[in-house]
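Listed here are the chains, written in short residue letters.
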Amino acid sequence: MKTSISKAIGQALHEEMVRDENVFILGEDMGVMGNVFGITRGFRDEFGAKRVIDTPISESGFTGIAVGAAMRGLRPVVEWMYDDFITVCLDPVMNQAAKLRYMTGGQITIPVVFRAPIGAGRRNAGQHSQCLEALFTHIPGLKVVCPSTAADAKGLLKAAIRDDDPVVFLEHKLLYAKQEEIPDGEYIIPLGKADVKRPGKDVTIITWSRQVYFALEAAQTLAAEGIDAEVLDLRTLVPLDWDAVRESVCKTHNVVIVEEGVKRGGVGAELSAQITEDLFDELDAPVGRVAGMNVVSPFSPVLEDAEFPHPEDIVAGVKKTLGR
Amino acid sequence: MKTSISKAIGQALHEEMVRDENVFILGEDMGVMGNVFGITRGFRDEFGAKRVIDTPISESGFTGIAVGAAMRGLRPVVEWMYDDFITVCLDPVMNQAAKLRYMTGGQITIPVVFRAPIGAGRRNAGQHSQCLEALFTHIPGLKVVCPSTAADAKGLLKAAIRDDDPVVFLEHKLLYAKQEEIPDGEYIIPLGKADVKRPGKDVTIITWSRQVYFALEAAQTLAAEGIDAEVLDLRTLVPLDWDAVRESVCKTHNVVIVEEGVKRGGVGAELSAQITEDLFDELDAPVGRVAGMNVVSPFSPVLEDAEFPHPEDIVAGVKKTLGR
Amino acid sequence: MKKGAEKCDAQWYLEAYTRMVRIRDFETKAADCFTKSELAGNIHLYMGEEASGVGTCLALKDTDYITSTHRGHGHCIAKGAKTDKMMAELFGKETGYCKGRGGSMHIVDVQKGILGANGIVAGGIALAAGSAMASQYKGEDSVTVAFFGDAASNQGVFHETVNMAATWKLPIVFLIENNQYGVSTEIHRVTNTDTMAVRAQAYNIPGVTVDGTDVEVVYHAVSEAVARARKGDGPSIVETMVYRYQGHYCGDPAVYRPKEYLAEGKSKDPIDKAKKKMLKMGIKESEIDAIDAKIAQEIEGAYQFAKNSPDPDPAAVIDYMYSSDNERSVLR
Amino acid sequence: MKKGAEKCDAQWYLEAYTRMVRIRDFETKAADCFTKSELAGNIHLYMGEEASGVGTCLALKDTDYITSTHRGHGHCIAKGAKTDKMMAELFGKETGYCKGRGGSMHIVDVQKGILGANGIVAGGIALAAGSAMASQYKGEDSVTVAFFGDAASNQGVFHETVNMAATWKLPIVFLIENNQYGVSTEIHRVTNTDTMAVRAQAYNIPGVTVDGTDVEVVYHAVSEAVARARKGDGPSIVETMVYRYQGHYCGDPAVYRPKEYLAEGKSKDPIDKAKKKMLKMGIKESEIDAIDAKIAQEIEGAYQFAKNSPDPDPAAVIDYMYSSDNERSVLR
Ligand SMILES: Cc1ncc(C[n+]2csc(CCOP(=O)(O)OP(=O)(O)O)c2C)c(N)n1
Ligand SMILES: Cc1ncc(C[n+]2csc(CCOP(=O)(O)OP(=O)(O)O)c2C)c(N)n1
Ligand SMILES: [Mg+2]
Ligand SMILES: [Mg+2]
C-alpha cells in the first residue's frame, strides 16, 4: 500500500505506543492539533493526554524532562517543531543525554528519541531551513538517523524507539507528502545499515534524506550519458555502515558525497576524510562533495534554489570527479 | 617581555577598552572577581561596572543582550566561562548573530566577540573539557579564532574586537599560564593568517591552539629520526588561510592534521576533504588525522590522557602517513 | 484613562486609525497573494491584533526601538516601515527590506528603529534588552519595546532577560501580546496562572494586563511603562489581550479553537472600535473613508511595486554574509 | 515547628547528625587530598550547607529521587551514597561510582535514587522534573527533589521547568540552596527580589524561604512540600538560606566576599547547632563522640579504599559510550 512518509512515521509511533506503554510523545502542538504536519492526528484521543503531551514553547525544559523520564525507564519520543530550534535546547541533548551513560560508567541508559523536521526548499528562510545532522554527528553519544523513504522512516523509527541510546531522528519536510510503498505488517530496519538505491559501476554517490531522490534523478541523467552511478543511501549516519561504503568504493573507485546541509564541516567532510584515509589506493580521483553553500538559507526562491544541491549540481559534481 | 597568555588577553581587552569606549565586556564573574582565570582583574575598578558587567548565570540572555547591543553599534566582548556552555546559549550565536546580517540584506552588522576557554587535560570531565571549534566553523556567519601563543592571542583578539562580524575566540585553558615573549607596543594580527611555526620539507602538520606545542614536540622527535616536519598553526579557522595550506602541502606532499577535539566531524575532517579535493595530485599519501576520540572526555587522568592527542600520538600519526 | 488621555484627540485617532487600516489592508493583500501562490513560504497574520501594535508604537518616539516576532507585519507597519519595501520582501525581491534574503518573518528597518522580526520564538527578547542596554550605555533616552506572544513567555530566555533588565533597570517594555494561543495550544493548558503579566512579580517590576483591542487603552498602558523606562526606573511588563483572527499561519483552518473565540474577537474588532469612537468624537465619516481609500491605493501600489521588482541575482547568493573578507570566509 | 515536629526525636537527630558529620568529614578528607595533589581536577565543597541536604533527604523515602549539582557531595551522602565509592570516584578509580569516568561533579547512584550531580548549572532541574513525570506516569508515589543553587535559578531552564511542573502538577520539590553566591557574584547584584522563593508566584505554587542551617527547620519545610507533591498537588519551591564555608571551589580564597559572611556562617554551623540541640534533648556527649569516631573511621576506610583501587584500563576508554553497537558507533 502507498503511504506518505508522514503517515509512515505516524504508524511507527502508533505501533510502538501500542506495543509498549512506556513509550510516550511530547512536543509543541502534537496533541490537540496532532502535529503541524498532521503526523499524530488522533493520537491524543486514542492514547490520552498523558501519553501525547502538548508542551509549552520551552524546548530546553521539555527536552530535559524527556531525558529525565528516560533515565527512569520511560521511552519518550520528543519532537522539536524544526531542527533549527536545537539552538534553544542543546544542553539536555549534548551535555546530558549524550554524555550521561559514559559519565556514570554505564549506570544510566537514556532511551530517548529526538525527532525533528529538517531541510530547505520551502522558502522558510534562514531560521527554519537548516539541515543540522553534522552538528549531531559531532556529538559522541548520539545516534543519528536520516531516512529518505516511507518504508525506511517507519522501520528506522521503530528501531530508534527500541534502541537504548539517545537517537536523533531527522525527517525532511519536503519528503513528508511523498507517497510510497511500504511493507505490510510489522517490521524493523536496524540502525546502521545503508541501502544501495541504485547499483552502478562508475561512481558512488553517497547521500541521505531528500538528496537521495536528487541523486537518483542525477543518476538517470548520467546514465543517458554513459555514466553508471551507484547511489548509496546511508539512512543512518551514526553508527555508519562503513562496510557498505567500502564495498561500493572498492567497486566504483570514484566517490561523490551529496549533502543538503552546509558544506563546511558537513557530514560529507567526515566521510571524505575517512574514505581518503582508509581507501586512498582504491580512489581514481579525489572524493568529491556536492553540498549546501556556506551561507544562511535565503528566503528568495531563486536564491534558495541556488544555495543547495539540485540534480543538475550532482550531475556536474560527478562529471567533475570523473574528469568528464 | 615575557607574558602569560591570560595576561596577553587581558592586555588586548584593556587596550581596546581604552581605545574605544564602545567596547565593553560581560560575563560571569568578570567584574568583582576579575574572571575565574584572573584575566580581567582590576578592570572593574578602572572602567566601572558599566563596562565590566557581572552577569547572572543566564548565558542565553546575556549573550542575546550583547548581540542586541552590537546591533546598536556597541562592541561587546562576551565571555562564556567554558565553551561547553554554548549548549545553553546557542540561539543568540547561531540563529541571531551569525544570520542577521545576511537575513537583513546587510542592514545590520554585529560586531561582537564571544570568548571562551576550551580544552581537556585539567581533569574536569565531560562537561568542562570540550574543544568545540568544529561546531562553530559549521555555522556560516561566524569567524573563528584559536590562538596558540601569547603574542597571537593579543594581536588576534584586538583584530577580533575591531572586526565588524561576530567572532568566536577560543582560548585553551592549559595555555593560559604559559609565559612567552610578546612584542612591545600596540600591534594587530589580522584574522585569517596562518603561521609556519617550524619549516620542514617532509610532512605538513596542520594544527592550532594547544596542539601546536604538541606538534612542535613531535616534530623534534621526528627530526631525530630524520623526518623534517613543517608545523602550520592555522590561528584562525574562519576565514581559513588556504594559501598557506596550499603552499605547505605543495612543498611537503604529506599532511597530518592534528586536533584536540572530537574527530568525527572535527575541523580536521573539513581540512582533509578540502586538501584532498583540491590538491589530490600533490599528495603522496592520504591526509592523516590525529584527533580526540569520539567519546566523552573522561575524568580519570589515565583515561583522559588516552582520549586526546599527545606528542607521541602525533609522531605515530606522521609515521603512519609517511609509511615509516 | 488617566494622565495622557487628553492626548488621544481627533488628530491622534486619525493617525491610529490610519496605521491600523494600513496593517489590515497590507495583510489582506498579502493573504490574497499567498492564497493565489504569488507568495512563497509562510506568512503569519496579525489581523485582529492591530490595536496592540499601533497603540504601543504611538507611545514611542521615532528614536525608540522595537523588536518583533514571526507575526511581525503589524509591529513593523505600526513603527513606520514602508509597505512597498515590506511587500517586496514578502515577494522575495531585491527591492525588499532585506533584499529578499529574509522574507516575511525577518523585516528590519534600522532607520525606523525596527530591529527585526524574528523566526525564533522569544528570539527578539534578549536582543531588545541589548538595545535597551545600548541606550543606557550611550546615555540616550530612547526606549525599546520587545513584542512577543503569550507562548513566547514560556521560553527560558524570557526569564533570563527580564531578570537582567529588572536588575539593571534597562529602559525596556516587555509587550506580551496574549492572543491565548501558541499555534494550537491554548495558553492555560501550558501555564498555571491567569495572566502572563503576573510573572512580573518574580522580578519585582510592574506588570499589567489590558484590553488589547482598544488602541487608546494600549496607548495609555504602554505610555506609562515607557515613561517609567525613559526616566530610568526600569522595565515593565504590559500584556495586551488580543485575538488572532486567522489560524497560526495563513491557511491554517484553526480547527483546534472554539468558534466562540473568533466571534468574540470580531465583536471587539480594534478598527471598528476606533472608528466608532472617532465618529462619536465628531470626525466625519467621509474623512475616515478618505483614509480607507488612501491606504487601499498605497497597498495596491506596494503590490505593484513588489510584483514588478526584480528577483535577486542568484550569483549574489553569498553577498551580505560577512561585512569583511566575505568571499574568503564563505568559500572555504 | 508544626506538624511532623514530633518526629524529630533523639533517634532522628542521631541519624541527622551522623549524615551531616559524614558529609563534613568526607569533604575535609577530600579537601586534604586535593591540597596534597592526591586528587586531580576540581572539587566544590558543600561544607557549611550540610543541614540543607540532610534535612531534605530525611524528608524523603528511599524510593524517592534527587538530582544534584557541581556541589553534590553533600546531597549524595545525605541520600545514602557510599563514601568509599564516592571517594574512589573523586580519585578517578575504576571502583568509583562512575568507574572514574565522571569524577566529583558527576556522582550517580541510581539504586539510592541519586540521579546525578551535574556540571552544568541548572542542568539537573529538568531531569528532575522528568523523573517526577516518570513517577506520575507510572502511578508511583515517589517524589523527586531538584537541588540547585541561588544562581542556578537565573537560568532559563528553571523558568521553563517550574512552569511545566506547576501546570502538570508534577511530584517535585525545587530546593534552592541560597548561599548568596554564584562563584563570586552576590545574588542580589544579579537579581531584583529579596528571595528566590518569591518566584513561585510566577507559577502559582507555594514558595518558602527557611533557615538552612537548622536541619530540623529544613526537614519540616521540605516534608510539607513533599507531602503536597506526593498527594498529587504539585510542586513547591523551598529555599534554604545557607553558608558556603569555602570559596567556590577548593582552593578559591574567596577574596570577593566580606569576612562577615564566613563569621556569620560559622556562628550558625549546622553541626554545632544540631549537637547543642541533641545535648539539650539529653543525648549523651559520649554517644555523639562515638558517632564522630565511627565516621572518622569510615572516611579513613573510604580513603584507603580509593587510594588502593586500580585506575581504569586506558584500553577501555571507549566503554560505556553506547549501550548497543558501541564499538561501531564510536569508531567511525
Ligand atoms: C524556539 C522556537 N520554537 C518553536 C517555534 C515554532 N513556532 C513559531 S510561532 C509559534 C507559536 C508562538 O506563539 P506566541 O508566542 O503566543 O505568538 P503568536 O503566534 O500567538 O503571535 C511556534 C511554536 C519557533 N519558531 N521557535
Ligand atoms: C551553564 C553553566 N554556566 C556556568 C557554569 C560555571 N559555574 C559552575 S558553578 C557556578 C556557580 C553556581 O552558583 P549556584 O547555583 O548559586 O550554586 P553554588 O555554587 O553556590 O552552590 C558557575 C557559574 C556552569 N557550570 N554551567
Ligand atoms: Mg499567542
Ligand atoms: Mg550559590
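Description of the structure in this document. Remember, predicted model here, so these are calculated numbers, not experimental data.

Attention now moves to the coordination of the magnesium ion (ligand 4). All names here are of chain D. Surrounding the magnesium ion (ligand 4) are the protein donor atoms D150 (OD), N179 (OD1) and Y181 (O), at 2.0 to 2.1 Å. When the donors of the magnesium ion (ligand 4) are listed by position in the chain, the intervening gaps give D-x28-N-x1-Y. Here D150, found in the loop between strand 2 (144–149) and helix 6 (156–168), pairs with Y181, found in strand 4 (residues 181–182); they are 31 residues apart in sequence, far enough to count as distant. Overall, the relative accessible area of 1% leaves D150 in the buried class.

All names here are of chain C. For the magnesium ion (ligand 3), the full set of protein donor atoms is D150 (OD), N179 (OD1) and Y181 (O), and the range of their distances to it is 2.0 to 2.1 Å. All donors of the magnesium ion (ligand 3) come from a single chain, and their spacing in sequence reads D-x28-N-x1-Y. Within this pair, whereas D150 is found in the loop between strand 2 (144–149) and helix 6 (156–168), its partner N179 is found in the loop between strand 3 (172–178) and strand 4 (181–182), the two being separated by 29 residues in sequence. The pair formed by D150 and N179 is uniform in burial state, with each residue classed as buried.

On the side of chain A, 34 residues touch chain C, which itself brings 41 residues to the contact. Note on chain C versus chain A: buried area summed over both sides is about 2900 Å², and carbon and sulfur give 63% of it. Broken down residue by residue, the surface that chain C buries against chain A is led by I120, R189 and V317 of chain C, which jointly contribute 18%. In this assembly, chain C and chain A are joined by one salt bridge. Linking chain C with chain A are 14 residue pairs in polar contact (both at pLDDT 80 or more). When contributions to the side of chain C that touches chain A are tallied by element, the ones reaching two or more residues are helix 4 (83–90) and helix 11 (326–331) of chain C. Here the element with the most residues in the side of chain C that touches chain A is helix 11 of chain C; it accounts for three residues. Residue composition of the side of chain C that touches chain A, by class: 19 nonpolar, 15 polar and seven charged.

To continue, consider helix 9 (residues 270–281) of chain D. All names here are of chain D. The end-to-end C-alpha distance of helix 9, which contains 12 residues, comes to 16 Å, matching closely the 16 Å that a straight helix rising 1.5 Å per residue would cover. Taken as a whole, helix 9 has its buried residues at P270, I271, A274 and M278. Taken around the axis of helix 9, the buried residues stretch over an arc of 95°, which confines them to a single face. Opposite the buried face of helix 9, at more than 90 degrees from it, the exposed residues are K276 and K280. On its buried face, helix 9 sits against helix 1 (10–35), helix 2 (50–58) and helix 10 (285–308). Among the residues trailing helix 9, G282 stands out with phi positive, at a value near 100°.

All names here are of chain B. As summarised here, the arrangement of the five strands in space is 9-11-10-13-14, forming an open sheet in which the pairing is mixed. Sheet topology places strand 9 (195–198) and strand 14 (288–292) at the edges, where each strand pairs with a single neighbour. Taking each pair of neighbouring strands and ignoring which way they run, the sheet shows an average axis angle of 25°. For strand 10 (residues 203–207) and strand 13 (residues 255–262), the ladder comprises three bridges, and the chain directions are parallel. Bridge pairing in strand 13 links I205 to V256. In the packing of helix 11 (residues 311–322) onto the sheet, the strands contacted are strand 10, strand 13 and strand 14, and the crossing angle to strand 13 comes to about 145°.

This brings us to the interface of chain D and chain A. Facing 45 residues of chain D, the contacting portion of chain A comprises 53 residues. Here chain D packs against chain A, burying approximately 4000 Å² in sum over the two surfaces, 59% of which is carbon and sulfur. Interface area lost by chain D to chain A is led by Y137, Y322 and R332 of chain D, which between them contribute 22%. The tally of links from chain D across to chain A stands at two salt bridges. D278 of chain A is the salt-bridge partner of R332 of chain D, the closest N and O atoms lying 2.5 Å from each other. The tally of links from chain D across to chain A stands at 29 residue pairs in polar contact (both at pLDDT 80 or more).

Let us look at the packing of helix 1 of chain D against helix 2 of chain D. Residue and element names in this part refer to chain D. The interhelical angle for the contact between helix 1 and helix 2, taken along N-to-C directions, is 135°, at an axis separation of 9 Å. Between helix 1 and helix 2, the interaxial angle falls into the category oblique. Along this stretch, helix 1 crosses helix 2, giving a crossing that reads as right-handed. Across the interface between the two elements, W12, E15, A16, R19, M20, I23 and R24 of helix 1 pack against E50, A51, V54, C57 and L58 of helix 2. Counted by class, the contact of helix 1 with helix 2 contains eight nonpolar, no polar and four charged residues.

Conventions and cut-offs
- Residues numbered from 1 in each chain as written.
- Chains lettered and ligands numbered in written order.
- Predicted model: local features only at pLDDT ≥ 70, side-chain atom pairs only at ≥ 80, totals over all residues.
- Heavy atoms only, no water.
- Donors = N, O, S within 2.8 Å, 3.2 Å for Na, K, Ca; no water.
- Helix = DSSP H or I, 4+ residues; strand = E, 2+ residues; numbered from the N terminus.
- Buried < 20%, exposed > 50% of the residue type's maximum accessible area, 1.4 Å probe, protein only.
- Contact = heavy atoms within 4.5 Å.
- Buried area = accessible area lost by both parts, 1.4 Å probe.
- Salt bridge = Lys/Arg side-chain N within 4 Å of Asp/Glu carboxyl O.
- Polar contact = N/O pair within 3.5 Å; in protein donor to acceptor, adjacent residues only side chain to side chain.
- Nonpolar A, V, L, I, M, F, W, Y, C, P; charged D, E, K, R; others polar.
- Expected span 1.5 Å × (residues − 1).
- Arc of directions from axis to C-beta.
- Pairing = 2+ DSSP bridges.
- Axes fitted to C-alpha atoms, helices over the stretch in contact; angles between N-to-C directions.
- Parallel < 35°, antiparallel > 145°, perpendicular 65-115°, else oblique.
- Left-handed = near helix turned anticlockwise from the far one by under 90°.

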